[in-house]
Amino acid sequence: MAPSQAVRCCQRGLSWIPVIFINLVVCWSYYAYVVELCIYTITNTEEQVFYLIVFHLCFFMFVWSYWKTIISKPATPSKEFCLPKAEKELYEKEERPEAQQEILKRVARDLPVYTRTGSGAIRYCDRCQLIKPDRCHHCSTCDKCVLKMDHHCPWVNNCVGFSNYKFFVLFLAYSMLYCVYISATVLQYFIKFWTNHLPDTHAKFHVLFLFFVAAMFFISILSLFTYHLWLVGKNRTTIEAFRAPVFRNGPDKNGFTLGFRKNITQVFGDQRLSCCLPIYSSLGDGYTFPTRLVSVDSEQGNVEHQAIKWTLEWHQDYFSSLKDTLVLRPHVKDPIALRYKALRLAALSPLSEKDLQCVAVEDLFNLHSYPHRPLFAPNIDWTQRLFHQVLRHGD
Ligand SMILES: [Zn+2]
Ligand SMILES: [Zn+2]
């Protein structure tokens, strides 16, 4: 074994220490609660049964979401994002950054890539040799690019990203619940300990520590959980919270914000039943993400809103024929909701790349500069193009 390989093996082994530590604490808490508290300390049978049932529910949900976060493989970009062989050779030979950018731009034209680096360049990972999809980042610990990367978490020894972000937030939620439940039920026995009302057995030390450990973990998870709830509400990743994603028209920290409810469905899915379970239900494919149009209260936002609304009214029949697939409601007043639906519509539309370039976003949306021009020709091609432009707005 080469020395570098041995070091890597060692690192990989050491990285499991936090996970082992958490699991040991959880196993001990299970023993202390079930055996020492419920069986040895509590004498009332009804109380024992009730405590044990609720405890096992919390315990099961917590362990399930924790292990799902650990074992979910981080989603990585597909081969389409790697440079084709010829372009790769050219890129490697080329020393001028501008020429390299030209190569990347040529390849990126066929990819759904809308975000850029701070200087406006195509985001390229030299390590993985691929064009980074939107919201994708390279994790130096995992040594790979991870889709919608949030952060690398040592407590789960895994990258938290598109494939397991929902599980991670649920893990935080259920670990809080687990700690709260333990602290709340142990509290009265904890007080009895201090007032010398507990029989002097070894159980009382377990009860004492159970309360301390649960309360300590609760306090330390609380801020992290609140922060991630805030991020989910904004549809932002931890990385994006520190550095705003850059679109064609500059950085926009709210670029992926679709409104509170839709932001939540992006992570938890739109099925009520599965949203609280660690079962995969996040929306999207990890490569393309709906983005907001423009600020809703800006003048242009209102004009876009109006344009889309009128177009929808003109082509109500067309849209109602797609209604079942798209769950499209022609009278939705929220342009961001429409933007999102346009994305889903675009997936079904047969328009080619050339068609898309025909209509400039500016021509469509700067309506306030020539309000009397009849731009709303009720023709279906135009409508489809409008939707495609809405989809590509920002590119
Ligand atoms: Zn990479
Ligand atoms: Zn990682």
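Residues numbered from 1 in each chain as written. Chains lettered and ligands numbered in written order. Predicted model: local features only at pLDDT ≥ 70, side-chain atom pairs only at ≥ 80, totals over all residues.

A. Summary view of the overall build of the protein. Helix and strand counts for the protein come out as 16 helices and 8 strands. When each of the 395 residues of the protein is scored for burial, the buried share is 30%. Sequence separation of 24 or more characterises 63% of the internal contacts of the protein that already satisfy a separation of 6 or more. (Helix = DSSP H or I, 4+ residues; strand = E, 2+ residues; numbered from the N terminus. Buried ≥ 20, exposed ≤ 12 C-beta atoms within 10 Å, placed from the backbone. Contact = placed C-beta atoms within 7 Å.)

B. Molecular detail of unusual backbone geometry. Of note in this structure, D143 is not a glycine but carries a positive phi near 55 degrees. Here D143 lies in the loop between strand 3 (137–139) and strand 4 (144–146). Owing to 10 C-beta atoms within 10 Å, D143 belongs among the exposed residues under this scheme. One non-glycine residue, K148, adopts positive backbone phi at about 40 degrees.

C. Region of the structure containing the nonpolar core. Ranked by size, the top nonpolar core spans 48 residues in total, and within it V186 and L210 carry the most contacts. Counting only elements with at least two residues in this core, the list comes to helix 2 (17–41), helix 3 (45–71), strand 2 (130–131), strand 4, strand 6 (158–160), helix 6 (165–194), helix 7 (203–234) and helix 9 (260–268). The element contributing the most residues to this core is helix 6, with 13 residues. With sequence-adjacent residues up to four places away left out, L210 is seen in contact with S29, A32, Y33, L37, I182 and V186. (Core = buried A, V, L, I, M, F, W, Y, C linked by C-beta atoms within 7 Å.)

D. Geometry of the packing of helix 2 against helix 7. Where helix 2 contacts helix 7, the axes come no closer than 9 Å and their chain directions differ by 130 degrees. What the angle tells us is that helix 2 and helix 7 run oblique. Considering how the two elements wind past one another, helix 2 and helix 7 form a crossing that is left-handed. Listed contacts from helix 7 to V25, S29, A32, Y33, E36, L37, Y40 and T41 of helix 2 are A203, H206, V207, L210 and V213. Considered class by class, the residues forming the contact of helix 2 with helix 7 number 9 nonpolar, 3 polar and 1 charged. (Axes fitted to C-alpha atoms, helices over the stretch in contact; angles between N-to-C directions. Parallel < 35°, antiparallel > 145°, perpendicular 65-115°, else oblique. Left-handed = near helix turned anticlockwise from the far one by under 90°. Nonpolar A, V, L, I, M, F, W, Y, C, P; charged D, E, K, R; others polar.)

E. Main features of helix 2. Considering bend angle alone, the principal kink of helix 2 is centred on A32 and spans about 25 degrees. Considered for burial, the residues of helix 2 that qualify are S29, A32, Y33, E36, L37 and T41. Where the residues of helix 2 are buried, they touch helix 3, helix 6 and helix 7. (Bend = angle between axes of the 7 residues up to and from the residue.)

F. Representation of the UniProt feature "transmembrane region" (unreviewed entry) in the protein. In this numbering, the UniProt entry assigns the feature "transmembrane region" (unreviewed entry) to residues 20–43, 49–67, 167–191 and 203–227. Secondary structure within residues 20–43 divides into 92% helix and 0% strand; the distance between the first and last C-alpha atoms comes to 33 Å. The straight-line gap between the two end C-alpha atoms of residues 49–67 is 27 Å; of that span, 100% is helix and 0% is strand. (UniProt positions renumbered as here; feature names shortened; annotations may be inferred.)

G. Summary view of the environment of E240. In this fold, E240 is placed in helix 8 (residues 238–242). Using a count of 24 C-beta atoms within 10 Å as the deciding quantity, one classes E240 as buried. Distance from E240 to D252, taken between C-alpha atoms, is 9.6 Å for residues 12 residues apart in sequence. Apart from residues no more than four positions distant in its own chain, E240 is found in contact with P245 and K253.

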